[in-house]
Amino acid sequence: MLELVDEAGRTVGTAEKLAAHQPPGQLHRAFSVFLFDPRGRLLLQRRALEKYHSPGVWSNTCCGHPLPGEPPFVAAARRTAEELGVAPALLREAGTVRYNHPDPLSGLVEQEFNHLFAGVLEQEVRPDPAEVAETALVTPRELAQRHERLPFSAWFMTVLDAARPAIREVTGPAAGW
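Values in this document were obtained by computation on a predicted structure and should not be read as measured data.

Caption draft 1: Region of interest: unusual backbone geometry. In this model, Pro23 is joined to Pro24 through a cis peptide bond whose omega is 5°. Tracing the sequence through the fold places Pro24 in the loop between helix H1 (17-21) and strand E3 (28-36).

Caption draft 2: Expanded view of the UniProt feature "binding site: Mn(2+)" (unreviewed entry) in the protein chain. Using the residue numbers shown here, the UniProt feature "binding site: Mn(2+)" (unreviewed entry) corresponds to His21, His28, His65, Glu110 and Glu112. Spanning 92 residues, the named residues form one tight spatial group whose C-alpha atoms are at most 11.9 Å apart. On the secondary structure map, His28 appears in strand E3. Not counting residues up to four positions away in its chain, the partners in contact with His28 are Leu2, Glu3, Leu4, Val5, Ala20, His21, His65, Glu110, Gln111, Glu112 and Phe113. Here His21 takes part through its side chain, which lies 3.3 Å from a polar atom of the side chain of His28. Looking at where Glu110 falls in the secondary structure, it is placed in strand E8 (residues 109-120). The class of Glu110 is buried, set by a relative accessible area of 4%. In this structure Glu110 touches His21, His28, His53, Tyr99, Asn100, His101 and Trp155, once residues within four positions along its chain are discounted.

Caption draft 3: Representation of the side chain of Thr80 in the model. Its place among the elements puts Thr80 in helix H2 (residues 72-84). With sequence-adjacent residues up to four places away left out, Thr80 is seen in contact with Val33, Leu35, Cys62, Gly85, Val86 and Pro88.

Caption draft 4: Summary view of the pattern of salt bridges. Per the stated rule, a full pass over the model turns up 13 salt bridges. Measuring nitrogen to oxygen at the nearest pair gives 2.5 Å for the salt bridge that ties Glu131 to Lys51. Placement of Glu131 in the loop between E8 and strand E9 (132-138) and of Lys51 in the loop between strand E4 (42-47) and strand E5 (58-59) is noted, with a sequence separation of 80 residues between them. Taken individually, Glu131 and Lys51 each receive the classification buried, so the pair is uniform in this respect. A salt bridge links Glu82 to Arg78, with the shortest nitrogen-to-oxygen separation between them at 3.3 Å. Residue Glu82 and its partner Arg78 are located together in helix H2, separated by 4 residues, close to a single helical turn. Relative accessible area serves as the criterion here: at 37%, Glu82 is assigned to the partly exposed category. A network of salt bridges, in which partner residues are shared, links Lys51, Glu70, Arg78, Arg79, Glu82, Glu83 and Glu131.

Caption draft 5: Examining the state of the cysteines more closely. Tallied over the full model, the rule gives 0 disulfides. Here Cys62 stays unpaired: no disulfide links it, and the sulfur of Cys63, its closest cysteine neighbor, is 6.4 Å away. On the accessibility criterion, Cys62 (0% relative accessible area) is buried.

So, how was this worked out
Residues numbered from 1 in each chain as written. Predicted model: local features only at pLDDT ≥ 70, side-chain atom pairs only at ≥ 80, totals over all residues. Heavy atoms only, no water. Helix = DSSP H or I, 4+ residues; strand = E, 2+ residues; numbered from the N terminus. UniProt positions renumbered as here; feature names shortened; annotations may be inferred. Contact = heavy atoms within 4.5 Å. Polar contact = N/O pair within 3.5 Å; in protein donor to acceptor, adjacent residues only side chain to side chain. Buried < 20%, exposed > 50% of the residue type's maximum accessible area, 1.4 Å probe, protein only. Salt bridge = Lys/Arg side-chain N within 4 Å of Asp/Glu carboxyl O. Disulfide = S-S within 2.5 Å.

What follows is the structure, encoded as structure tokens:
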């Protein structure tokens, strides 16, 4: 189940996950995590091919939906551990963003009020193959090159751009984010 919200992010009910993503989509709470290694490289994940939504595309470190009543920060930490087998050394709030992104491949719609988080990772990831097909650590330049030639999630650039101020605070100016 997902937590449905109004335009201000206030909870207004719940819905089954797949139903909330059927066109035209129901506005629901989500989260997106951006983790960086000590050198300032962003950890990307390519979503597992078995996922019903956006399979096989590259995206941010971790994303998902809090359980009804679960604080977004707690959900972000929980799903990072479940998907990647790690706990961030630092994780901080990076704002929120609201968007409506249809996914042309699956026909589903991301109608989300997304809580953003940025942090630092100091461990080797141990991805769950049911969730993550592969990972990569990238600089801003390497990300731009990948984004030009590989498929990325429909929401990726929206959440990255919204989180950039906090990302710069976490990584420092030398990392170039």
